[in-house]
Number of protein chains: 2
Amino acid sequence: VPLKEKPLIQNIRRTAALRGSKIKTGIGDDCAVLRLPAGQEALVTTDFSLENVHFRREWHPPDSVGHRCHARGLSDIAAMGGVPQAAFLSLGLPGDLPQKWVDEFVAGLLKLANRYSVPLAGGDTAQSPDGILADIVVLGSVPAGKAILRSGARPGEFLYVTGSLGSAVATLDQLRDGKKLRPRSHPKHFYPEPRRAVGQYLREKKLATSMIDISDGLSTDLDHICEESKTGAVVYVEALPVAGGGASLRDALHGGDEYELLFTARPGRQVPKIIAGVPVTRIGEILPGSKVRLATADGKTQILKAGGWEHFG
Amino acid sequence: VPLKEKPLIQNIRRTAALRGSKIKTGIGDDCAVLRLPAGQEALVTTDFSLENVHFRREWHPPDSVGHRCHARGLSDIAAMGGVPQAAFLSLGLPGDLPQKWVDEFVAGLLKLANRYSVPLAGGDTAQSPDGILADIVVLGSVPAGKAILRSGARPGEFLYVTGSLGSAVATLDQLRDGKKLRPRSHPKHFYPEPRRAVGQYLREKKLATSMIDISDGLSTDLDHICEESKTGAVVYVEALPVAGGGASLRDALHGGDEYELLFTARPGRQVPKIIAGVPVTRIGEILPGSKVRLATADGKTQILKAGGWEHFG
């Protein structure tokens, strides 16, 4: 840790109270030392949040950038049915970045972390040659052998999605059009909620056979499930929970940064229509083969090409 | 993972063979799933390697950048007396970066990973708006309660360092002066060796009471030990193992990126002069108070100020 970053680090260290006994040594040693619950496997995910790729300073207030940064990692843990245990933040900051920006970024990140009882246990800082660079690491845990993988889908199973789709990218389009938005009025984009409770419920009830979070867009993430499970799939256009507020079918099919969960369940299992307060919608079916199709109400189908969500870099 | 990065990822996935049973699911799911040995605590460390801050493309061949990137994380695990279990790489790449550069970077990183039996189990990729960005995460393990912390030093204990000091920064100075160097002839800078075997030995033999790796320079890292242990210290100038090849006392005292281990041991304990083939030198003593001093052979002392190593950003 370069000396000039010390005030920043000390600030994080003060704010990120170590809670419970799972963290034995946090910020301020070569490594964090953690105790995972007995009989559990470790889950690890890392996610970049890069300025002008994943966020823009002129569009996103710093607390939203911090919130979204952590949400990316927490959502990955949720998509395995896991419990987040600790977070680690690598932060590269331009020399001329105001301390106020950093403080609000950290506040946004820690607010979400505290709500999910995920202490910030370590990380790294560096001076960035250009733009703000954040990399969030979340360590989670799941009972041994119980992680919900992408590869567990089988033909005949049904396909489900949490919440509604399309509003995150619809908000992004408004920002691109130069609209001034109140962040708190567009929470799906600025303050997305990782679906931890849903993920844990699906794992505890053994309902989901495969699962992924929709970070790259429904079409791309469904493709990931089909690729890893070696299956095809069909999505019913009419069933898609397209969000209100100007989201189009296209937004719902291809928009990224949704943080909803896409999962499969056996046809015999009753999947609740609402889990932990979040609507759950059956949107399709897993098929043999390798093609992903879109079916309209009149019975016609077309190939659903992966949209290839690429943020806005 | 953006689609355009897929070939890169597939390449890593092919190359980073999953070895042993500790990794249950690696690259290609929302999280990696790992099984830690029973009775062990988890160690986590994250380290940035940023272009023009930690390396320069015109100075460092890509395999050296990959090696150094992973060495940063492995060295932190060594400094806790831990065993590295898996690595995770977040990689931000400029759009115009040749695939050859990426392949050689990954090859350098994986060569070190394979030598230390540390599989690459996941990570993230993104397009970088400017410059190459790498963040390495290493997950390690240590028997519960046995991690060697920075905070364990007590007055009266002796201070030791592995290897020799100063050549990494001496090489850097030559690069700054525009000298063309053969990387293989300057391994301490281009291909540093994390002191894993020494770290594990010191933990298994219960020799070290505190430990840190010298990444910020001896003066700064000794300061970290003293700060966390709430002690002072004295370093004997005459005892310092200053490296050959043009390294000065100043280089040895303040040069960073050394990847040597600095540790303390009780006066009654016999610390071998060579551990796992690496020389170990007694260089000072832990004292009451909070000041770090430098003592010359004639008995004079002066305050040793932390040098504040800041790479070359």
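Conventions used here
- Residues numbered from 1 in each chain as written.
- Chains lettered and ligands numbered in written order.
- Predicted model: local features only at pLDDT ≥ 70, side-chain atom pairs only at ≥ 80, totals over all residues.
- Heavy atoms only, no water.
- Helix = DSSP H or I, 4+ residues; strand = E, 2+ residues; numbered from the N terminus.
- Rg over C-alpha atoms; globule rule 2.2 N^0.38 Å.
- Buried < 20%, exposed > 50% of the residue type's maximum accessible area, 1.4 Å probe, protein only.
- Areas by Shrake-Rupley, 256 points an atom, 1.4 Å probe, with all protein chains shown as cover.
- Lys, Arg positive; Asp, Glu negative; His and termini not counted.
- Charge placed at Lys NZ, Arg CZ, Asp CG, Glu CD.
- Least-squares fit on C-alpha atoms with pLDDT ≥ 70 in both.
- Contact = heavy atoms within 4.5 Å.
- Salt bridge = Lys/Arg side-chain N within 4 Å of Asp/Glu carboxyl O.
- Axes fitted to C-alpha atoms, helices over the stretch in contact; angles between N-to-C directions.
- Parallel < 35°, antiparallel > 145°, perpendicular 65-115°, else oblique.
- Left-handed = near helix turned anticlockwise from the far one by under 90°.
- Expected span 1.5 Å × (residues − 1).
- Buried area = accessible area lost by both parts, 1.4 Å probe.
- Nonpolar A, V, L, I, M, F, W, Y, C, P; charged D, E, K, R; others polar.
- Pairing = 2+ DSSP bridges.
- Right-handed = clockwise from strand over helix to strand, strands pointing away.
- pLDDT = per-residue confidence, 0-100.

Notes on the overall build of chain A
Point 1. The helix and strand inventory of chain A stands at eight helices and 14 strands.
Point 2. Here the C-alpha radius of gyration of chain A, 20 Å, is about what a compact globule of 313 residues would show, namely 20 Å.
Point 3. Counting across all 313 residues of chain A, residues that qualify as buried make up 60%.
Point 4. Here chain A has roughly 11800 Å² of accessible surface; of this, 50% comes from carbon and sulfur atoms.
Point 5. The averaged location of the 34 negative side-chain charges in chain A is 6 Å from the averaged location of its 39 positive side-chain charges.

Observations regarding the relation of the copies chain B and chain A
Point 1. In the superposition of chain B on chain A (RMSD 0.0 Å, axial shift 0.0 Å), the rotation amounts to 180°. The transformation relating the two chain copies, once decomposed into turn and shift, fits a two-fold axis.
Point 2. Most of the interface of chain B is mirrored in chain A, where 100% of its interface residues are also at the interface.

Some details on the pattern of salt bridges
Point 1. A complete count under the given rule lists 31 salt bridges over all chains for this structure.
Point 2. A:Asp47 is the salt-bridge partner of A:Arg72, the closest N and O atoms lying 3.8 Å from each other. Taken as a pair, A:Arg72 in helix α2 (residues 62–78) and A:Asp47 in strand β3 (residues 40–50) lie far apart in primary sequence, 25 residues in all.
Point 3. Its relative accessible area of 9% is what places A:Arg72 among the buried residues.
Point 4. Where B:Arg68 meets B:Asp257, a salt bridge forms, and the shortest distance between an N and an O atom there is 3.9 Å. Linking B:Arg68 in helix α2 (residues 62–78) with B:Asp257 in the loop between α8 (249–254) and β10 (261–265), this pair joins segments that are 189 residues apart in sequence. When sorted by exposure, B:Arg68 lands in the same class as B:Asp257, which is buried.
Point 5. If you follow the salt bridges from partner to partner, you end up with A:Asp47, A:Arg68, A:Arg72, A:Asp257 and B:Asp124 in one network.

Some points on the packing of α2(B) against helix α3 (residues 99–115) of chain B
Residue and element names in this part refer to chain B.
Point 1. Contact geometry of α2 with α3 gives a least axis separation of 6 Å together with a crossing angle of 40°. Judged by the angle between their axes, α2 and α3 are oblique. Judged by the sense of rotation from one axis to the other, the crossing of α2 with α3 is right-handed. Across the interface between the two elements, Pro 62, Asp 63, Val 65, Gly 66, His 67, Cys 69, His 70, Ala 71 and Leu 74 from α2 touch Trp 101, Glu 104, Phe 105, Gly 108, Leu 109, Leu 112, Ala 113 and Arg 115 from α3.

A short note on α3(B)
Residue and element names in this part refer to chain B.
Point 1. When the terminal C-alpha atoms of α3 are compared, their 24 Å separation across 17 residues agrees well with the 24 Å that a helix rising 1.5 Å per residue should span.
Point 2. Considered for burial, the residues of α3 that qualify are Trp 101, Val 102, Phe 105, Val 106, Gly 108, Leu 109, Leu 110, Leu 112 and Ala 113.
Point 3. Once α3 finishes, Ser 117 follows within two positions and takes phi at roughly 55°, a positive value.

Here we look at the interface of chain B and chain A
Point 1. The partner chain A presents 63 residues to the 63 residues of chain B that form the contact.
Point 2. Between chain B and chain A, roughly 5000 Å² of surface is buried when both sides are summed, and carbon and sulfur atoms account for 55% of that area.
Point 3. Inspection of the region where chain B meets chain A yields eight salt bridges.
Point 4. Across the pair A:Asp124 and B:Arg72 runs a salt bridge whose closest N-O atoms are separated by 3.8 Å.
Point 5. It is strand β3 (residues 40–50) of chain B that contributes the most residues to the side of chain B that touches chain A, nine residues altogether.
Point 6. Along the lines of polarity and charge, the residues of the side of chain B that touches chain A split into 30 nonpolar, twelve polar and 21 charged.

Structural notes on the pairing of strand β4 (residues 83–93) of chain B
It is a general feature of regular strands that their side chains alternate between the two faces of the sheet.
Residues and elements named next belong to chain B.
Point 1. Counting buried positions along β4 gives ten out of eleven residues, so the element sits mostly inside the fold.
Point 2. Bridge count between β4 and strand β6 (residues 133–143): nine bridges; the pairing is antiparallel. Bridge pairing in β6 links Val 83 to Ser 141.
Point 3. Pairing analysis gives seven bridges linking β4 to strand β5 (residues 120–127), with the strands arranged parallel. When the sheet's bridge partners are listed, Leu 89 is paired in β5 with Gly 123.
Point 4. Remark: the β4/α3/β5 crossover connection has right-handed handedness.

Looking at unusual backbone geometry
Residues and elements named next belong to chain B.
Point 1. Positive phi, normally seen in glycine, also occurs at Asp 257, with a value near 55°.
Point 2. For Ala 276, which is not glycine, the phi torsion reads 50° and is therefore positive.
Point 3. Within the secondary structure layout, Ala 276 lies in the loop between β11 (274–275) and β12 (278–287).
Point 4. Residue classification places Ala 276 among the exposed residues on the basis of a relative accessible area of 57%.

Topic: the confidence of the model for chain A
All names here are of chain A.
Point 1. Put simply, chain A has an average pLDDT of 90, and 90% of its residues get 70 or more.
Point 2. Contacts for the low-pLDDT stretch residues 17–21, under 50 throughout, to residues beyond four places or in other chains number seven contacts.
Point 3. Taken over the whole predicted complex, pTM reads 0.92, whereas the ipTM for its chain interfaces reads 0.90.

Considering the pairing of strand β13 (residues 292–295) of chain A
Residue and element names in this part refer to chain A.
Point 1. Examined bridge by bridge, strand β9 (residues 232–236) and β13 share four bridges and lie parallel to one another. What sits directly across from Ala 233, in β13, is Val 292.
Point 2. Here three bridges tie β13 to strand β14 (residues 301–303), and the two strands are oriented antiparallel to one another. Across the sheet, the residue bridging to Leu 294 is Gln 302, located in β14.
Point 3. In this antiparallel pair of consecutive strands, β13 and β14, the connection spans five residues, and Gly 299 shows a positive phi of 90°.

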